Amino acid sequence: MNVEKFLPKHYEEICGWWKAHDWTPVSLDALPCTGVIVPGVCAGFLYSTDSSMCILEWIISNPKVDSGLRSEGLDIVIDELLKKAHSSGYKTVFTSVSHPKLLERYCDFGFKKADFNMTNLLKVL
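Residues numbered from 1 in each chain as written. Predicted model: local features only at pLDDT ≥ 70, side-chain atom pairs only at ≥ 80, totals over all residues. Heavy atoms only, no water.

Comments concerning the pairing of strand 4 (residues 53-61)
Here comes step 1: With 5 bridges joining them, strand 3 (residues 42-47) and strand 4 adopt antiparallel strand pairing. Counterpart to A43 in the pairing with strand 4 is I60.
Here comes step 2: Hairpin connection of strand 3 to strand 4: 5 residues between the antiparallel strands.
Here comes step 3: In the sheet, strand 4 pairs with strand 5 (residues 92-97) via 3 bridges, with the strands oriented parallel. The residue of strand 5 that forms the bridge with C54 is V93. (Pairing = 2+ DSSP bridges. Helix = DSSP H or I, 4+ residues; strand = E, 2+ residues; numbered from the N terminus.)

Okay, here's the thing in structure tokens:
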């Protein structure tokens, strides 16, 4: 699987995925410059901050793709975003999640629960 930098040309594709999950698409101008996509499979984004913590958000997958391919793609996207966070000098990555399988996946990547009732995750780099 190839991971690419997310570009505006990919936006309509991920909007379709958000709609298929019954989620409201995030507007293109609200997405950060740092995003990656496995075309046809999944995408995610990393927001910069003016602190030592960045924010991992908007992980989205194509529900029409085989679950095994989706799982592999999600691992690639998350791993790539964590590498970008580390290489940018961030020491902690924050994210929020409500989907149980995504929560489990983040924990597999070393995130720790930071809150309950609303699950926020931190990963020290």
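This is not the end of the story, as more comes after the structure.
Side note on the layout of surface pockets
Here comes step 1: Its volume calculated, the largest pocket comes out at about 620 Å³.
Here comes step 2: Along the wall of the largest pocket there are 24 residues; nearest its centre are W23, I59, I60, H99 and L102.
Here comes step 3: At the level of secondary structure, the elements contributing two or more residues to the lining of the largest pocket comprise strand 4, helix 2 (67-87), strand 5 and helix 3 (100-108).
Here comes step 4: By residue number, the principal contributor to the lining of the largest pocket is strand 4, which donates 6 residues.
Here comes step 5: Its residues assigned to classes, the lining of the largest pocket shows 11 nonpolar, 9 polar and 4 charged. (1 Å grid on protein atoms, 1.4 Å probe; cavity = no way out; pocket = protein on both sides within 12 Å on 5 of 7 lines; lining within 4 Å. Points joined across faces, edges and corners; volume = space filled by probe spheres on them. Nonpolar A, V, L, I, M, F, W, Y, C, P; charged D, E, K, R; others polar.)

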